[in-house]
Amino acid sequence: MINNDIYYVGVNDHQIDLFEGQYIVPNGMAYNSYVIMDEKIAVMDSVDEHFKDEWLANTQKVLDGKTPDYLVVSHMEPDHSGSIDAFVKKYPDTEVVATAMAFNMLRQFFGYDCAHKLTVKEKDTLSLGKHVLTFLTAPMVHWPEVMVTYDEYSKTLFSADAFGKFGALDIQEEWACEARRYYFGIVGKYGMQVQGLLKKVSTYDIKTICPLHGPVLDENLNYYLSLYNTWSTYEAESKGVMIACASVYGHTMKAAELLKNKLEEMGCEKVVLCDLAREDMAEAVEDAFRYDRLVLSSVTYNADIFPFMKEFINHLTERNIQKKKIAFMENGSWAPVANKVMKSMFEKCKDITYLEHNVTVLSALNDKNMADIEKLAEELMK
């Protein structure tokens, strides 16, 4: 129970290994759904199709023999819309509430139109009795049909995928790490649209946030709102240096490790070194956005850069990385070009400051390289 008459009826998924087919989720996922019990009853979203029976059982228990009046659909991504078909077959007289674009997607997914539907647009309201729902469109957070719902009576924001995180709800873990990885992996490209949503909801008195993934947030909301503001404006969340390395035989990694050691000796606030070939790419992307300075260290490979580094930079530029200080380190035995290639990949990015002391290693570290790395460390510490 969220409060006296809002109930949680979502499910935990520990069967999944890769969310969206790409994000490692060792602690599973939660697909959240809620029921508002009033003179009229509203079910807020469905869940992944694989859990439809569990969700319908959870919902039926809360309904206690009653029939829901509305199913509010905030987002048509299959992890939330997959059980709509089962729901409308079980409750054929229930009215489905969604945006016009969501109803178009519903027809695409299920091949039919709803017999009973209510199409809503920006700031439309729906009275359940005490609870009055206001619908706010949130295009591209992170699909175009998304809307969020504000309940005036309980001061609850049903936030769709905003403020979500990886991880099932029966696992206790710190919120920010997996929320950050979720945000930059899935929503990160749409910072401007997230800013638009934050401005909309800032005019409402919000006491509780009910997302479609992760825990209900009902304490210290300024903390979560502040993080979302930082992430969506592409400001660095923390002072520190993230070193991303793509090495073949270890010499490029030795250069990166030397830089890390130098920075730590100089008292750098935080230094994170990531082996892109072996560590979770989503974790690497998260850290690149989190810290204010970024060093990219790659071997030259086929007159280009190592594939893991190319993939990493593509993830960063796709998500509009900006407001960073970036330096480069390269290795090559006969024609090192990695620094040039890596820098060219950021040419369309905004507000990037490139450091002067980049490093070129010819096969293995020598005294000159060590001196260059010390100069780079000094520049990173300015």
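Please refer to the structure higher up on the page.
What counts and what doesn't
Residues numbered from 1 in each chain as written. Predicted model: local features only at pLDDT ≥ 70, side-chain atom pairs only at ≥ 80, totals over all residues. Heavy atoms only, no water. Axes fitted to C-alpha atoms, helices over the stretch in contact; angles between N-to-C directions. Helix = DSSP H or I, 4+ residues; strand = E, 2+ residues; numbered from the N terminus. Left-handed = near helix turned anticlockwise from the far one by under 90°. Contact = heavy atoms within 4.5 Å. Nonpolar A, V, L, I, M, F, W, Y, C, P; charged D, E, K, R; others polar. Expected span 1.5 Å × (residues − 1). Buried < 20%, exposed > 50% of the residue type's maximum accessible area, 1.4 Å probe, protein only.

## Quick word on the packing of helix α5 (residues 175-187) against helix α7 (residues 221-232)
The geometry of a pair of packed helices is captured by two quantities: the angle between their axes and the separation between those axes.
At step 1: Packing of α5 against α7 leaves a shortest axis separation of 12 Å and a crossing angle of 35°. Between α5 and α7 lies a crossing whose hand is right-handed. Taking contact as the criterion, the partners of W175, A176, A179, R180, Y183 and F184 in α5 are, on α7, Y223, Y224, L227, Y228, W231 and S232.
At step 2: A per-class count over the contact of α5 with α7 returns 10 nonpolar, one polar and one charged.

## A few points about helix α8 (residues 251-265)
At step 1: End to end, α8 covers 21 Å across 15 residues, agreeing with the expected 21 Å (1.5 Å per residue, within 8%).
At step 2: T252, M253, A255, A256, L259, K262 and L263 are the residues of α8 that are buried.
At step 3: In this structure, the buried side of α8 is in contact with β16 (238-246), β17 (271-275), β18 (291-301), β20 (324-331), β22 (359-361) and α12 (367-381).

## Examining unusual backbone geometry
At step 1: The peptide bond linking V141 to H142 adopts the cis configuration, its omega dihedral lying at 0°.
At step 2: The backbone of D45 sits at a positive phi, close to 70°, despite the residue not being glycine.
At step 3: Within the fold, D45 resides in the loop between β7 (42-44) and α1 (52-63).
At step 4: For A160, which is not glycine, the phi torsion reads 55° and is therefore positive.
At step 5: Within the fold, A160 resides in the loop between β14 (156-158) and α5.
At step 6: A160 gets classed as buried once you look at its relative accessible area, which sits at 3%.

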